[in-house]
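Overview (structure and organization)
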Amino acid sequence: LNEISSPLWSGSTGPVRLVDVLGDGDGKGDMIPYLLKILSIGKALSIQAHPDRTLAKTLHESHPEIYKDSNHKPEMAVALTEFEAMCNFRHLEDIVHDLNANPEFCRAVGEEPSQSFRRAVSAGEDRRIALKEFFKSLMTQSEEGIAECLKELVERLAQQIQRSEQESLFLRLHEQYPGDIGCFAAFLLNYIVLQPGQAFFMAANEPHAYLKGQCVEIMACSDNVVRAGLTPKFKDVNTLVNMLTYSDGPPTIMNGTRIGEFVKIYQPPSDEFQLERIEVPCGRHVTLSGGRRGGLVLVLSGNGLIQEENPDTLTDGGKRNGPLDPGSIYYVSPGTALHVCSTNPELPLFLFRAGVNEASGEITDVEARPL
C-alpha cells in the first residue's frame, strides 16, 4: 500500500494510470457510472453531505458555478487500515447527554434552543423536527459567538484528566481546525472506527467526514458537495440545514459477503456501484465473472497476472493478458470474465474490482460518463 501515493483516482475524472483494456474494444467512449479513489487521510476532511438527484438538479440550475452537475453522490468507503470517520447524527439522547455535560456547547447552540431540544427529546416529540431546529440554531450563530464558546470549551477540557470519547475527539478536531464550527460535530455525529475490510455507506443528505486512515472509496459520478465545517471552503448553510434527513443512529457497518475463497463483495443500496475485495495467496488463482457494465481493476499490493478468462492456462492463447503490480489499473469491458493469478512469493495479490451493482435491477436512470 505504501507504494501507492494518495489520492489516486480512477473513473471519469482525475488522473488514471490505465495499464490496458480487457475485453472487446479499446474502452474509448465506454460509460461507467462511478468514480473510484484510494484515500490516505492524516488530517480530518470536511464535514459534508451530498444532495439527492432532485436537489442536485435544483442546485445545479441555480448555482452552476458551485454545484457543477445535476447528479446525486452516494458513496461507500472500504477500510484498508483502521479507519476513523463520523457519519449520521447520534441518537438524540446521547446528544442531550453531551449538551448537559458541556455548558459551552449549550451556549454555542443557544440556551433557549437547547432547552427546547431537551424538552422535545424527553417528551418524545418529532425527533427530526427537534434535531433540525437544534442544528439550525447552532449553524446560524455568529462566528464570534462560536469562536468564544470553542475557546472556553477547549480551555476547560484541557484541564480535565478524564474525558469522554466525544470530548477527546472535540479537542483533536480543534487542534486541526481551531475556531471551526465543525469541531462541535464530535458531539453531534457518530464516531466510528472501521477495521480493515469493513465498510460503510453514505446515502444522500446524510452528514459525514473522514478523520484518519486509508480506504478505497467509490461513488456516483458527481462533484456536488455541501460542506458543514472543518474546512476553509464555502459553507452553504441554508442548503445544508434544509437538505439533511435528520435521522439519528449509527450507520450500518458492512463486513462484505464472501462469494469465493478469495473474494468478498460489498453491495450498498445504490444502483451505480459495488466493490469486490480480492486477496489471492501466492501460486493460487481466481476466476471472476463478467459484469453487465464496464469495470475497473485496481491493484494495491503483491504481483500477478490477469487475463481474459482461460481457466486452463495463463499463456496468451489469443486472449489479452497483462501484469498486475501495485498501482496497476485495468478497464474491463462489459461481460468480460477474468482469470487472476498471484505470483509474488512473499505477498498475497491484493486488489479491488469496481462495477455496477449486480444486485440491482436493470440500471437505466444513472449518470454515466466516458472512461
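Residues numbered from 1 in each chain as written. Predicted model: local features only at pLDDT ≥ 70, side-chain atom pairs only at ≥ 80, totals over all residues. Heavy atoms only, no water.

**Some thoughts on the sheet that holds strand 21 (residues 338-342)**
Cut-off, in case you're wondering: Two strands pair under a simple rule: DSSP has to find at least two bridges between them. Runs of E in the DSSP output that reach at least two residues are strands. Runs of H or I that reach at least four are helices, and both are numbered from the N terminus. Where helices are involved, their axes are fitted lines through C-alpha atoms of the stretch in contact, as for all axes, and angles between N-to-C directions lie from 0 to 180°.
The four strands are arranged 16-21-18-19 in an open sheet whose pairing can be described as antiparallel. The two strands at the open ends of the sheet, each matched to only one other strand, are strand 16 (285-288) and strand 19 (321-324). Direction aside, the axes of adjacent strands within the sheet are offset by 20° on average. Alignment of strand 16 against strand 21, held across four bridges, turns out to be antiparallel. Looking at strand 21, one finds that H285 is bridged to C341.

**A closer look at the pairing of strand 14 (residues 263-266)**
Two faces belong to every sheet, and in a regular strand the side chains alternate between them. As paired elements, strand 13 (residues 257-260) and strand 14 share three bridges and run antiparallel to each other. By the bridge assignment, G260 is partnered in strand 14 with V263. The turn linking strand 13 back onto strand 14 is made up of two residues. As paired elements, strand 14 and strand 15 (residues 274-280) share four bridges and run antiparallel to each other. Residue I265 lies in a different strand from strand 15, and its bridge partner there is E276.

**Structural notes on the environment of S116**
Convention followed: Relative accessibility thresholds used throughout: buried, under 20% of the residue-type maximum; exposed, over 50%; partly exposed, between the two (1.4 Å probe, protein chains only).
Note on placement: S116 falls in helix 4 (residues 111-123). Residue S116 is classed as partly exposed on the basis of its relative accessible area of 32%. Sequence-wise, S116 and F134 are 18 residues apart; in three dimensions their C-alpha atoms are separated by 8.3 Å.

**Structural notes on the state of the cysteines**
Rules: Two cysteine sulfur atoms make up a disulfide if the distance between them is within 2.5 Å.
For the structure on display, the rule yields zero disulfides. Cysteine C341 shares no disulfide, and the gap to the nearest cysteine sulfur, in C282, comes to 7.9 Å.

**Section: the pattern of salt bridges**
Any two side chains of opposite charge can pair, given that their charged atoms come close. The following threshold applies: The rule for a salt bridge is simple: a side-chain nitrogen of Lys or Arg has to be within 4 Å of a carboxyl oxygen of Asp or Glu.
As enumerated under the stated definition, the model contains 14 salt bridges in all. R156 is the partner of E104 in a salt bridge, and the nearest nitrogen-oxygen pair spans 2.7 Å. Placement of the pair is E104 in helix 3 (residues 103-109) and R156 in helix 6 (residues 143-159), with a sequence separation of 52 residues. Residue classification places E104 among the buried positions, given a relative accessible area of 5%. E155 serves as the salt-bridge partner of K151, at 2.8 Å between the closest nitrogen and oxygen. Of this pair, K151 and E155 both sit in helix 6, separated by four residues, roughly a single helical turn. Put simply, E93, R127 and D248 are held in one network by salt bridges that share partners.

**Observations regarding the packing of helix 2 (residues 92-101) against helix 5 (residues 127-139)**
We apply this condition: By convention, the crossing between two helices is left-handed when the near helix turns anticlockwise from the far helix through less than a right angle, and right-handed when the turn is clockwise. Here a residue-residue contact requires only that any non-hydrogen atoms of the pair lie within 4.5 Å. Gly is put with the polar residues, along with every residue not named as nonpolar or charged; the nonpolar set is Ala, Val, Leu, Ile, Met, Phe, Trp, Tyr, Cys and Pro, and the charged set is Asp, Glu, Lys and Arg.
Two elements in contact, helix 2 and helix 5, have axes separated by 11 Å at closest approach and are oriented at 35°. In this structure, helix 2 crosses over helix 5, and the sense of that crossing is left-handed. Contacts from L92, E93, I95 and L99 of helix 2 reach helix 5 at R127, L131 and F134. Across the contact of helix 2 with helix 5, the residue classes tally to five nonpolar, no polar and two charged.

**As for the packing of helix 4 against helix 5**
Counted only if it meets this: The labels follow the angle: roughly parallel below 35 degrees, roughly antiparallel above 145, roughly perpendicular from 65 to 115, and oblique for the rest.
With their axes 9 Å apart at the nearest point, helix 4 and helix 5 run at an angle of 165° to one another. Taken together, the axis directions place helix 4 and helix 5 in an arrangement best described as roughly antiparallel. In this structure, helix 4 crosses over helix 5, and the sense of that crossing is left-handed. Each of P113, S114, F117 and A120 in helix 4 lies in contact with helix 5, whose residues at this interface are A130, L131, F134 and S137. Considering only residue class, the contact of helix 4 with helix 5 consists of six nonpolar, two polar and no charged.

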